[in-house]
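Overview (structure and organization)
Read off the chains here:
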Amino acid sequence: MARTVNPAAYAARRDAFLDAAQRLIETKGYAQVSVQELAQEAGVSQGAFYHYFDSKPAMLEALIERTSDQLRAHLSTAVEEPGLSAMERLQRFLNALAGWKLARRDLLVAMLQYWYSDDNAVVRQKLRPRLTKRIAPLLAQIVRAGADEGVFPVRHPDQTGHVLVCVIQDLNDALGDVFLSGGTADTVEQIIAAHTDAVERVLGAPAGSLTLVDPAALRNWFTEEP
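Because the structure is a prediction, the values reported are computed rather than measured.

1. Examining the overall build of the protein
Across its full length, the protein holds ten helices and zero strands. Put simply, the protein runs from its N terminus to its C terminus through helices and strands in the order α-α-α-α-α-α-α-α-α-α. By its C-alpha atoms, the protein is 65 × 45 × 30 Å across when sized along the principal axes. Counting every position in the protein, which comprises 226 residues, the buried fraction comes to 41%. Considering only intrachain contacts with a sequence separation of at least 6, the fraction spanning at least 24 residues in the protein is 67%. For the protein, the computed accessible surface area is about 12300 Å², with 52% contributed by carbon and sulfur atoms. Positive and negative side-chain charges in the protein, numbering 23 and 28 respectively, have mean positions lying 6 Å apart.

2. So, the UniProt feature "DNA-binding region" (unreviewed entry) in the protein
Mapped onto the present numbering, the UniProt feature "DNA-binding region" (unreviewed entry) falls at residues 34–53. Between the C-alpha atoms that bound residues 34–53 the distance is 13 Å, and the span itself is 60% helix and 0% strand.

3. A word on the nonpolar core
Judged by nonpolar contacts, the single largest core of 35 residues is most densely connected at Leu 75, Leu 90, Phe 93, Leu 139 and Leu 203. Those elements that place two or more of their residues in this core are helix 4 (56–79), helix 5 (86–103), helix 7 (121–149), helix 8 (157–180) and helix 9 (185–203). Not counting residues within four places of it along the chain, the set of residues in contact with Phe 93 comprises Leu 75, Val 79, Ile 135, Leu 138, Leu 139, Ile 142 and Ile 168. Grouped together as the second largest cluster of nonpolar side chains are 24 residues, Tyr 30, Leu 60, Ala 62 and Leu 127 included.

4. A short note on the confidence of the model for the protein
The predicted model of the protein has a mean per-residue pLDDT of 85, with 92% of residues at 70 or higher. The least confident element of the protein is helix 10 (residues 215–221), whose mean pLDDT is 70; the most confident is helix 9, at 92.

5. Some remarks on the pattern of salt bridges
In this structure the tally under the stated criterion is eight salt bridges. Taking the shortest distance from any N to any O, the salt bridge between Arg 66 and Asp 19 comes out at 2.9 Å. In this pair, Arg 66 sits in helix 4 while Asp 19 sits in helix 1 (residues 7–28), placing the two residues 47 residues apart along the sequence. Relative accessible area serves as the criterion here: at 15%, Arg 66 is assigned to the buried category. For Asp 197, the salt bridge goes to Arg 201, with nearest N and O atoms at 2.8 Å. On the criterion of helical spacing, the pair formed by Asp 197 and Arg 201 is a turn pair, its members being four residues apart in helix 9. Classification of Asp 197 as partly exposed rests on a relative accessible area of 32%.

6. Here's the deal with helix 4
Helix length check: helix 4 (24 residues) gives 35 Å between terminal C-alpha atoms against 34 Å at 1.5 Å per residue, within 8%. Capping the start of helix 4, Ser 55 holds a side-chain oxygen 3.2 Å from the backbone nitrogen of Ala 58, two or three residues further along.

7. Side note on empty space enclosed by the protein
Counted by the stated rule, this structure contains one cavity of 30 Å³ or more. Approximately 30 Å³ is the volume found for the largest cavity. Broken down by secondary-structure element, the contributors of at least two residues to the lining of the largest cavity are helix 5 and helix 8. In terms of residue class, the lining of the largest cavity is made up of seven nonpolar, no polar and no charged.

8. Considering the layout of surface pockets
The computed volume of the largest pocket comes to approximately 1100 Å³. Contributing to the lining of the largest pocket are 41 residues, with Lys 101, Leu 108, Trp 115, Tyr 116 and Asn 172 lying nearest its centre. For the lining of the largest pocket, the secondary structure elements donating two or more residues are helix 4, helix 5, helix 6 (105–115), helix 7, helix 8, helix 9 and helix 10. No other element matches the nine residues that helix 8 contributes to the lining of the largest pocket. Among the residues making up the lining of the largest pocket, the classes are represented as 31 nonpolar, six polar and four charged.

9. Details of the UniProt feature "domain: HTH tetR-type" (unreviewed entry) in the protein
In the UniProt entry, the feature "domain: HTH tetR-type" (unreviewed entry) is given for residues 11–71. Helix makes up 75% of residues 11–71 and strand 0%. Its end C-alpha atoms lie 19 Å apart.

Each value, and the rule that gives it
- Residues numbered from 1 in each chain as written.
- Predicted model: local features only at pLDDT ≥ 70, side-chain atom pairs only at ≥ 80, totals over all residues.
- Heavy atoms only, no water.
- Helix = DSSP H or I, 4+ residues; strand = E, 2+ residues; numbered from the N terminus.
- Buried < 20%, exposed > 50% of the residue type's maximum accessible area, 1.4 Å probe, protein only.
- Contact = heavy atoms within 4.5 Å.
- Areas by Shrake-Rupley, 256 points an atom, 1.4 Å probe, with all protein chains shown as cover.
- Lys, Arg positive; Asp, Glu negative; His and termini not counted.
- Charge placed at Lys NZ, Arg CZ, Asp CG, Glu CD.
- UniProt positions renumbered as here; feature names shortened; annotations may be inferred.
- Core = buried A, V, L, I, M, F, W, Y, C linked by side-chain atoms within 4.5 Å.
- pLDDT = per-residue confidence, 0-100.
- Salt bridge = Lys/Arg side-chain N within 4 Å of Asp/Glu carboxyl O.
- Expected span 1.5 Å × (residues − 1).
- Polar contact = N/O pair within 3.5 Å; in protein donor to acceptor, adjacent residues only side chain to side chain.
- 1 Å grid on protein atoms, 1.4 Å probe; cavity = no way out; pocket = protein on both sides within 12 Å on 5 of 7 lines; lining within 4 Å.
- Points joined across faces, edges and corners; volume = space filled by probe spheres on them.
- Nonpolar A, V, L, I, M, F, W, Y, C, P; charged D, E, K, R; others polar.

Structure follows, in structure tokens:
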């Protein structure tokens, strides 16, 4: 007789594995974590791991997928408050994005080296368009409102939302590279200034009207202790 799988129980156990993976990656780094340790942290046998993930890289991809979904939900809440202008909603989006990353600093720092390694290039290329698909509609909604208000003189709001996500992703890649290479906060400030200028030009917004990353949040990323 075929075994019946309870979807809710399956999802809960899979999430428990991802929770365990997140805790271990934060403390040890991805490369140092074994499947056996993941199973022990989740409180199950090693063989049970493969009921939910084909491999350790598949588990990492699932963790990033879940994180991407959580990010979209967080950003949606931040920008959907009624009564805000398009400019206010966009700044709330940027603030929420920076705050979300800061709250997960240990995990993101632990994953950076693996994430930007040559071995993980395929995973990056697969996940980048997925993240764009999640986030671009939020930005397009803001841009469309700004076009209606006359503050963002763009002709193609939906495509502009996609362009903005690409600029933000490029900023993330540039900051990750500087962080891994031991760059200074001054270098990072220059990178952020260039990308801020690019976002303002794409939107047709006045220079200095947006803050992509708050300076205080920036300093928190470049302290000696995580």
